Amino acid sequence: MWKGVIREYPEFYQFKNPDHVVTLLEGNTPLIPAPRLAAKINPKLTMYVKYEGLNPTSSFKDRGMTLAVSRAVEAGSRAVICASTGNTSAAAAAYAARAGIKAFVVIPEGKIALGKLAQAMIHGSVVIQIKGNFDEALKLVRKISESHPITLVNSLNPHRIDGQRSAAFEICDVLGGAPEYHALPVGNAGNITAYWAGYKTYKDAGKINALPKMIGFQAEGAAPIVRGHVIENPETVATAIRIGNPASWKPAEAARDESGGLIDMVSDDEILAAYQMLASTEGIFCEPASAASIAGVIKKNKQGYFEKGGRVVCTLTGHGLKDPDTAIKVSTGPMATCEPVTCEPELEKVLNVLGI
Ligand code: F0G
């Protein structure tokens with residue numbers, strides 16, 4: 001049985017007392033080949049998606065949270081706090097519940113996908129909405145954690161990055177090496193930092209010979225790294241990455257530069273088109289922010305970036321069910337309507353509507 005990332009990778013994650021490990025058996029998410037998507041984008045590419053939506057709280061955050069909460073418990077902490085665009089708070093709430101400690105979460109009012117809010121609430125965390133954005137929420141929780149005995153579990157906490165490295169380990173274990181390219185969305189910039197650290201860890205351990213190019217994508221309305229300055233009022237349909245001043249800005253730039261990769265941006269229209277394309281051509285449902293990775297590959301391919309082909313892994317950071325509102329809003333489908341058609345329960349009428 002899969003034992004969760006801490007126990008599966010003991011050479012990289014050591015605990016003196018095994019009872020301190022707080023796990024929901026996260027990790028071991030499928031690396032799914034995406035041949036139909038590749039055929040549409042560029043047949044020279046071998047595409048895979050790392051479907052992180054299949055973690056216990058349905059996002060990649062569980063990998064970092066098992067480490068962050070376990071280390072908090074190891075240190076004797078009785079409470080954790082985070083700012084979040086939704087997924088970090090869902091994971092913090094769940095792992096705190098599992099550990100029997102308290103969680104406080106601070107979120108931007110009205111900018112959290114419904115499923116994520118439901119998670120923070122059902123797991124019993126204290127949820128505070130601020131009339132402000134993620135960046136302001138992060139400033140507040142940093143201050144609170146500095147002056148109170150509450151552990152900060154945003155990715156400023158190095159254990160978060162430490163745990164998130166495990167996704168890179170898994171990809172290399174499955175492929176027998178690193179892919180040529182690794183694409184992922186960039187918000188607070190912790191995950192691109194973590195993947196790069198993970199690939200480098202594996203190379204240093206002699207488990208792989210080559211490293212991938214890290215290619216990260218921000219949303220056009222929330223692209224501080226691409227534009228080279230803080231964005232005061234970030235806006236994007238991809239609320240998970242609606243961030244104007246990422247905490248891991250510098251390490252993300254280092255990952256980009258050391259790997260010979262890039263960080264670019266994609267528009268909301270490009271994100272939503274990729275979101276629908278993935279769902280309809282491969283049967284894989286991710287949340288809008290996750291689709292920034294696919295949108296980015298499509299954009300760079302049009303510019304000739306993948307002329308030589310190669311293996312591309314796209315991280316799908318969160319499950320599509322996190323954000324049902326956006327899915328329904330954009331799903332016109334074959335019937336060209338965002339609502340199911342209502343009809344009397346009569347065979348002729350149903351056949352007529354179905355167009356059969
Ligand atoms: N995709 C999803 C679904 C996310 O929730 C996030 C970040 C990212 C991508 C970007 O990852 O921040 O490491 O660059 N969500 C954070 C949160 C900010 O609060 O849940 P990143």
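Relevant structure appears above.
Report on the accompanying structure. (Residues numbered from 1 in each chain as written. Predicted model: local features only at pLDDT ≥ 70, side-chain atom pairs only at ≥ 80, totals over all residues. Heavy atoms only, no water.)

This part is about the site of the ligand. Surrounding the ligand, one finds 20 residues, the nearest of these being Ser84, Asn188, Ala189, Asn191 and Thr317. At 2.7 Å from an oxygen atom of the ligand is found a main-chain nitrogen or oxygen belonging to alanine 189. Threonine 317 places a polar side-chain atom, nitrogen or oxygen, 2.6 Å from a nitrogen atom of the ligand. Here the ligand, which alone exposes 470 Å², has 98% of that area covered by the protein. Within the residue set of the shell around the ligand, elements represented by two or more residues are helix 4 (87-99) and helix 9 (190-204). Taken together, the residues of the shell around the ligand break down into eight nonpolar, 10 polar and two charged. (Near = heavy atom within 4 Å. Polar contact = N/O pair within 3.5 Å; in protein donor to acceptor, adjacent residues only side chain to side chain. Areas by Shrake-Rupley, 256 points an atom, 1.4 Å probe, with all protein chains shown as cover. Helix = DSSP H or I, 4+ residues; strand = E, 2+ residues; numbered from the N terminus. Nonpolar A, V, L, I, M, F, W, Y, C, P; charged D, E, K, R; others polar.)

Going through the model one piece at a time under the given rule, you end up with 17 salt bridges. For arginine 165, the salt bridge identified is with aspartate 162, shortest N-O distance 2.7 Å. A salt bridge links glutamate 253 to lysine 250; its shortest N-O distance comes to 3.5 Å. Here glutamate 253 and its partner lysine 250 are both found in helix 11 (residues 249-259), three residues apart, which amounts to about one turn of the helix. The buried category is assigned to glutamate 253, whose relative accessible area is 17%. A residue is classified by how much of its surface remains accessible, and lysine 250, at 59% relative accessible area, is exposed. Through salt bridges with shared partners, one network takes in Lys50, Glu52, Arg63 and Glu170. (Salt bridge = Lys/Arg side-chain N within 4 Å of Asp/Glu carboxyl O. Buried < 20%, exposed > 50% of the residue type's maximum accessible area, 1.4 Å probe, protein only.)

Relative to the elements of secondary structure, glutamate 287 occurs in the loop between helix 12 (268-282) and helix 13 (292-302). Those residues in contact with glutamate 287 that sit more than four places away from it in its chain are Asn87, Lys116, Ala240, Tyr275, Gly318, His319, Gly320 and Lys322. (Contact = heavy atoms within 4.5 Å.)

A few words now on the sheet that holds strand 4 (residues 102-108). Paired through their backbone hydrogen bonds, the strands of a sheet run either parallel or antiparallel. The four strands are arranged 5-4-3-6 in an open sheet whose pairing can be described as parallel. The sheet is open, and its two edges are formed by strand 5 (126-130) and strand 6 (151-152), each paired on a single side. Relative to strand 5, strand 4 is paired through five bridges, and the arrangement is parallel. The partner of valine 105 across the bridge, within strand 5, is valine 127. The sheet strands contacting helix 4 are strand 3 (79-83) and strand 4, and the helix crosses strand 4 at an angle near 170°. (Pairing = 2+ DSSP bridges. Axes fitted to C-alpha atoms, helices over the stretch in contact; angles between N-to-C directions.)

All right, on to the pairing of strand 8 (residues 213-219) then. Counting buried positions along strand 8 yields six of seven residues, so the element is predominantly enclosed. Handedness of the crossover joining strand 7 (residues 181-185) and strand 8 through helix 9 is recorded here as right-handed. Judged from the five bridges that link them, strand 8 and strand 9 (residues 262-266) form a sheet pairing that is parallel. Looking at strand 9, one finds that alanine 219 is bridged to valine 266. (Right-handed = clockwise from strand over helix to strand, strands pointing away.)

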